[in-house]
Amino acid sequence: MKRLLKPSLDWLLIFVPITIGLHYAFPDNHTLIFVCACLAILPLAGWLGHATEHLAARTGEAVGGLLNATFGNAAELIIALAALNRGLHDVVKASLTGSIIGNILLVAGLSVFAGGLKHKVQKFNPVNARVQATLLSLAAIGLIVPAVFHWLAGPAGLAREGALALEISVVLMLLYFASLLFSLHTHKNLVRGVASHEEVHAGEPGHKSWSFARSIVTLLVATGLIAWTSEVLVGSVESAAHSFGMTSLFVGVVVVAIIGNAAEHSTAILVALKNRMDLSMSIAVGSSIQIALFVAPLLVFASYVLGPRPMDLLFTPVEVVAVVLAVAVTAQFSSDGESNWLEGAMLLAVYVILGIAFYFLPEAAGHAGTAAPPGPGTVH
Amino acid sequence: MKRLLKPSLDWLLIFVPITIGLHYAFPDNHTLIFVCACLAILPLAGWLGHATEHLAARTGEAVGGLLNATFGNAAELIIALAALNRGLHDVVKASLTGSIIGNILLVAGLSVFAGGLKHKVQKFNPVNARVQATLLSLAAIGLIVPAVFHWLAGPAGLAREGALALEISVVLMLLYFASLLFSLHTHKNLVRGVASHEEVHAGEPGHKSWSFARSIVTLLVATGLIAWTSEVLVGSVESAAHSFGMTSLFVGVVVVAIIGNAAEHSTAILVALKNRMDLSMSIAVGSSIQIALFVAPLLVFASYVLGPRPMDLLFTPVEVVAVVLAVAVTAQFSSDGESNWLEGAMLLAVYVILGIAFYFLPEAAGHAGTAAPPGPGTVH
Amino acid sequence: MKRLLKPSLDWLLIFVPITIGLHYAFPDNHTLIFVCACLAILPLAGWLGHATEHLAARTGEAVGGLLNATFGNAAELIIALAALNRGLHDVVKASLTGSIIGNILLVAGLSVFAGGLKHKVQKFNPVNARVQATLLSLAAIGLIVPAVFHWLAGPAGLAREGALALEISVVLMLLYFASLLFSLHTHKNLVRGVASHEEVHAGEPGHKSWSFARSIVTLLVATGLIAWTSEVLVGSVESAAHSFGMTSLFVGVVVVAIIGNAAEHSTAILVALKNRMDLSMSIAVGSSIQIALFVAPLLVFASYVLGPRPMDLLFTPVEVVAVVLAVAVTAQFSSDGESNWLEGAMLLAVYVILGIAFYFLPEAAGHAGTAAPPGPGTVH
């Protein structure tokens, strides 16, 4: 199965030059550019992931952990920075939301479902699962509190939302570093699944360890191409969304998120089929934690340097609800350290229900400014 | 205790002809008709349950499971169809809400409390309990998402709420069949409690296995009488509610739900006293799951054929909150596979608190149309 | 460490006469009076706690449990009664909220964090932890339901909120007594941690058992001084808050709560360092349960006798959200009966995030009357 998946992904590299060509030849054909940019990012994200892994294998666990943290979600980060630079905060937030729920519902759901079809009951380390679930809850709280604040404080609180976001971001990122310290240093024996990340590829043909130079060059080239393609992607997302009859919120939360996380998808499912649930869960759930506790705060900090104006942490209510529901279901499912196919189906069902809601939600309701619900005057 | 309970229930059959008589002689005496119809349904629901069980025992586990799914909550389903036919969607939804929270708070609470008074600590299969808790969470999400959608989308989203409800219903029902497949086929050894359903009655005097013909005839007669009595009940519910000083929401959620689930109540408590907590939990919680993942979607589908207009899944906010709280408490209580009387008392306390809120809630706030909260203009 | 902490607390007794002097000499210097009253309550709360413990050790477990229930949170109760007497319901509720979240996030968080730095993994009785978590959930439901009721019922429901609060209070207090019966009588073997409360001090130098007379006299003197100081504190809280640039909600929820719970803080951390997590959790979480299920209902009852008007249970939305998030995180963290420093850090992070939100929230949004969210007319 791996041999089938891999070649097909690398074939998609052809879309990198195609996207470049289209961008200059037909700058107004947004829909075609969007589709090609999406297809071009898929294999690039895969190569970025490989380069990071090989580099991490060479630099030792501690530095490798940090590299994973910074480059593991590099595709999402770069897409988000490109949108941030244009001041498209709604797109940034939609891609964060989409990554969080996509990883814990779609990636974890597919992994648990596929693994469960092959293995009756799959076990994973419950201590690690619970620590991850609690970190996810903290991430959810980091989204709930600004939304509730906005909702309650009203106009009087608007001026303080930037400071609130900044301080919450500091707390979230501190806790992210604390969790790295926990899993890489003080309690590394408790969370063994993560350490065996490299073994998976090491034992397979065609995956010999890369040289340091090759890893660095691949990393830089892939990052550069993703950065450029992301710029093009973000520039075309709104027009493309409309031509498909989709809202930009749906495209950001569902379409872009699936593309940005394509590498995690295939790896997590493959290792689940091999009954390595600890690794599978740590890729899926760990990726969501990185996005929420590291990437999101980083983007808030970056917005003070890069963007036209500082970004806050005010997500749309539907995004907050989606993240809270996804986190709650994941916490419930993972607490016992066992999984079966029905639990995978349930995670997927929640993802589909949320996706349906995002699809049907009118464009106007998908902006953070509508965090205050409509009063009776507008509804009745 | 059983001998005391059973005869008294069958005596209530006298109210079937009384209700028929009243309905034709005094069609305007809604309060008396409502009370008599309630009393008439109690024994009929019991006979319907017995017939289903005996039929299930004859047809084998797989078909029996489906029969239980379709007829186990037949009384609620018929009451709901009668209301659906008249376009009383609020009554339908109130009875669904009432069945869900009534089963997991009142029925499970009484069972755990009564069983816990007799047995210090009662154990049940934690794997099964967790699967059921996750299914309940999915059911809750199926209610939360349409309510949040309505709240956020505002007038622009009204036209899409029907499609949203229809698609979510498909997801919920697919997952219900997946859960049947899981517990009756792929993982039937994990969820043994359900299989011992028949044993309980089999070992008792006066509960010899019925013939196929007797089961079918009882099923048809009981179903027919319940259908007719439900029509009468639904026709009188609003007038009766007002004459008792109750809102129709309270009558639907609390009174009708207790009547429709009377059969489950007595069985679940009796088996809890015999320390068969797996069976007791599977009757109480399983019934809620059936209602939420099978009956509710079925009613949405049926509304396209039967009713004057399609029904959506938009419940009143207080119903959504009640179901979410009930599901959260049940998930928390059942995750460890152990119960004691205090946990039963806590479930009952949550039911009483919710019941008080439903009782005091003004009539106007009990309609789904008020899902948008009052703005400051109306409150201050 | 204990010897360092204890003497410093007793030195603060000097602030009792200082506060008395200031109150009469400079009645308008609210800020100085507030600070001195805070410092004076710290050692008094400690002595009140010691006296209760010694008394409980003499009277046997059953009566001791009740004494702990009534006097264990006596400082908070007296502060609240002083505020109730002046009709400052917002202050009363803020101090209840602050005690609940302060105990389960700050006290438990510091205990788990400090204990976790010294001991790699700390274990506690999971059955007891789950019973406590479920009681906390009930407490949260007791806050959610009145808030949702107010939000939905609108003006039509205002008249019934008093009755709703009264009936919910009865349910909560009944369940509190049920939980005492459970842990002191029917299931006392299951919840052993509580019983070893006295041992901690018994084995330490300078903590010989007090005579009955000494306990009673200390109890009465400390109670009297706290009562008087609380009156002064409550009288100065609003002016002091403004001079510090803080809202009265922030002062009530964060500052007053930390002061009122200072005694629990030091004890819970000290026993966590000694790896007695059962006792530490029972002090922190048990104290929150007492506040929510015993003190809050008691204050509702008391408001019919003492205050200018009856108090309801309608907390501000931000308080409800804070309690719900705190309860959810605590339930998640404690369900496995194990703790480590990262979990302590996560509880503290949630406390800090909530504290930031309370700090930035404008004064106007901190009143219960704004439970209805602003409509679009005011925001857009």
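Residues numbered from 1 in each chain as written. Chains lettered and ligands numbered in written order. Predicted model: local features only at pLDDT ≥ 70, side-chain atom pairs only at ≥ 80, totals over all residues. Heavy atoms only, no water.

Enquirer: Any chance you could explain the overall build of chain A here in plain terms?
Expert: Scanning chain A from terminus to terminus reveals 17 helices and two strands. Each of the 380 residues in chain A was classed as buried or not, and the buried ones make up 63%. Across chain A, contacts joining residues at least 24 apart in sequence account for 85% of those joining residues at least 6 apart. Counting only carbon and sulfur atoms, one obtains 69% of the accessible surface of chain A, whose full area is about 13300 Å². (Helix = DSSP H or I, 4+ residues; strand = E, 2+ residues; numbered from the N terminus. Buried < 20%, exposed > 50% of the residue type's maximum accessible area, 1.4 Å probe, protein only. Contact = heavy atoms within 4.5 Å. Areas by Shrake-Rupley, 256 points an atom, 1.4 Å probe, with all protein chains shown as cover.)

Enquirer: It is not clear to me how the packing of helix H16 (residues 341–360) of chain B against helix H8 (residues 161–186) of chain C should be interpreted in this structure. Could you clarify?
Expert: A packed helix pair is summarised by two numbers, namely the angle formed by the two axes and the spacing between the axes. Between H16 of chain B and H8 of chain C, the least distance of the axes is 10 Å, while the angle of their chain directions is 180 degrees. Here H8 of chain C runs roughly antiparallel to H16 of chain B, going by the angle between their axes. In contact with Trp341, Leu342, Ala345, Met346, Ala349, Val352, Ile353, Ile356, Ala357 and Phe360 of chain B of H16 of chain B, H8 of chain C contributes Ala163, Leu164, Glu167, Ile168, Val171, Leu172, Leu175, Ala178, Ser179, Leu181, Phe182 and Thr186 of chain C. Classifying every residue of the contact of H16 of chain B with H8 of chain C gives 19 nonpolar, two polar and one charged. (Axes fitted to C-alpha atoms, helices over the stretch in contact; angles between N-to-C directions. Parallel < 35°, antiparallel > 145°, perpendicular 65-115°, else oblique. Nonpolar A, V, L, I, M, F, W, Y, C, P; charged D, E, K, R; others polar.)

Enquirer: Would you mind going over the nonpolar core with me for this structure?
Expert: Most often, soluble globular proteins keep nonpolar side chains buried together rather than apart. Judged by nonpolar contacts, the single largest core of 381 residues is most densely connected at Ile101 of chain A, Ile101 of chain B together with Ile101 of chain C. Once you skip the residues sitting within four places of it in the chain, Ile101 of chain A turns out to touch Leu106, Val253, Ala322, Val323, Ala326, Tyr351, Leu354 and Phe358 of chain A. One finds Val16, Ala51, Leu55 and Trp210 of chain B within the second-largest nonpolar core, a separate group that totals 14 residues. (Core = buried A, V, L, I, M, F, W, Y, C linked by side-chain atoms within 4.5 Å.)

Enquirer: Sorry, what's going on with helix H14 (residues 277–303) of chain C here?
Expert: Every α-helix carries 3.6 residues per turn, so stepping three or four residues along brings you back to the same face. Residues and elements named next belong to chain C. An ideal rise of 1.5 Å per residue puts 39 Å on 27 residues; H14 measures up with 37 Å between its terminal C-alpha atoms. Where H14 bends most, at Ile291, the angle is about 35 degrees. Among the 27 residues that make up H14, 24 are buried, leaving the element largely enclosed by the rest of the structure. (Expected span 1.5 Å × (residues − 1). Bend = angle between axes of the 7 residues up to and from the residue.)

Enquirer: Looking at this model, I keep getting lost on the pattern of salt bridges. Mind explaining?
Expert: Opposite charge on two side chains allows them to pair when their charged atoms are near. Residue and element names in this part refer to chain C. Inspection of the entire model under this criterion finds six salt bridges over all chains. Put simply, Asp312 and Lys93 hold a salt bridge, and the shortest N to O gap is 2.7 Å. One end of the pair, Asp312, is in the loop between H14 and helix H15 (317–334); the other, Lys93, is in helix H6 (residues 89–118), and 219 residues separate them in sequence. Since its relative accessible area comes to 5%, Lys93 is described here as buried. Put simply, Glu338 and Lys123 hold a salt bridge, and the shortest N to O gap is 2.6 Å. Of this pair, Glu338 sits in strand S2 (residues 338–339) while Lys123 sits in strand S1 (residues 122–123), and the two are 215 residues apart along the sequence. (Salt bridge = Lys/Arg side-chain N within 4 Å of Asp/Glu carboxyl O.)

Enquirer: I'm lost on the state of the cysteines in this one. Help?
Expert: Two cysteines whose sulfur atoms are joined by a covalent bond form what is called a disulfide. Residues and elements named next belong to chain A. Per the counting criterion, the structure on display carries zero disulfides over all chains. No disulfide involves Cys36; its nearest neighbouring cysteine sulfur is the one of Cys38, lying 9.1 Å away. On the basis of relative accessibility, which here comes to 6%, the residue Cys36 falls in the buried class. (Disulfide = S-S within 2.5 Å.)

Enquirer: Looking at this structure, I do not really get the packing of H6 of chain C against H15 of chain C. What am I missing?
Expert: Residues and elements named next belong to chain C. Running from N to C, H6 and H15 point in directions that differ by 30 degrees, and their axes come no closer than 10 Å. As judged from the angle between their axes, H6 and H15 are roughly parallel. As for the relative orientation of H6 and H15, their crossing is left-handed in sense. Packed against H6, whose contacting residues are Lys93, Ala94, Thr97, Ile100, Ile101, Ile104, Leu105 and Val112, the element H15 presents Glu319, Ala322, Val323, Ala326, Val327, Thr330 and Phe333 at the interface. By residue class, the composition of the contact of H6 with H15 is 11 nonpolar, two polar and two charged. (Left-handed = near helix turned anticlockwise from the far one by under 90°.)

Enquirer: How do you make sense of the confidence of the model for chain A when you look at a structure like this?
Expert: Low pLDDT means the predicted coordinates in that region are not meant to be read closely. All names here are of chain A. In the predicted model, chain A carries a mean pLDDT of 80, and 84% of its residues have values of at least 70. Per-element mean pLDDT across chain A ranges from 32 in helix H17 (residues 376–379) up to 93 in helix H16 (residues 341–360). Low pLDDT (under 50) marks residues 193–206, which in the prediction has 24 contacts with non-local residues, meaning those over four places away or in another chain. Low pLDDT, under 50, characterises residues 368–380; the predicted model gives this stretch 41 contacts beyond four residues in sequence or across chains. The ipTM for the predicted assembly is 0.82, set against a pTM of 0.84. (pLDDT = per-residue confidence, 0-100.)

Enquirer: I tried to follow the side chain of Thr134 of chain A on my own but got confused; where do I start?
Expert: Along the chain, the position of Thr134 of chain A falls in helix H7 (residues 126–153). If sequence neighbours within four positions are ignored, Thr134 of chain A has contacts with Gln332 and Met346 of chain C.

Enquirer: Explain the packing of aromatic side chains here, please?
Expert: What characterises a pair of aromatic rings is the spacing of the ring centres plus the angle enclosed by the ring planes. One pass over the full model with this rule turns up 27 aromatic pairs over all chains. Ring plane angle 40 degrees and centroid distance 5.3 Å describe the contact between Tyr176 of chain A and Phe294 of chain A, whose orientation is recorded as tilted. Here the residue Tyr176 of chain A occupies a position in helix H8 (residues 161–186), and Phe294 of chain A occupies one in helix H14 (residues 277–303), the gap between them amounting to 118 residues. On the basis of relative accessible area, Tyr176 of chain A is assigned to the buried category, the value being 3%. On the accessibility criterion, Phe294 of chain A (6% relative accessible area) is buried. Lying across the ring of Trp210 of chain B, Arg214 of chain B places its NZ or CZ 4.0 Å from the centre. (Phe/Tyr/Trp six-rings, centres within 6.5 Å; stacked < 30°, edge-to-face > 60°. Lys NZ or Arg CZ within 6 Å of the ring centre and 35° of its normal.)

Enquirer: How should I be thinking about helix H11 (residues 212–243) of chain B in this particular structure?
Expert: Residue and element names in this part refer to chain B. Here H11 spans 44 Å end to end across 32 residues, near enough to the 46 Å set by a 1.5 Å rise per residue. The sharpest bend along H11 measures roughly 50 degrees and falls at Val237. Downstream of H11 by a residue or two, Gly245 has a phi angle that is positive, lying close to 75 degrees.

Enquirer: Explain the side chain of His119 of chain C to me, please; I cannot follow it from the model alone.
Expert: Residue and element names in this part refer to chain C. Looking at the element boundaries, His119 is found in the loop between H6 and S1. A distance of 2.9 Å separates the side chain of His119 from the backbone oxygen of Leu273, its partner in a polar contact. In contact with His119, other than residues within four places in its own chain, are Ala272, Leu273, Lys274 and Asn275. (Polar contact = N/O pair within 3.5 Å; in protein donor to acceptor, adjacent residues only side chain to side chain.)

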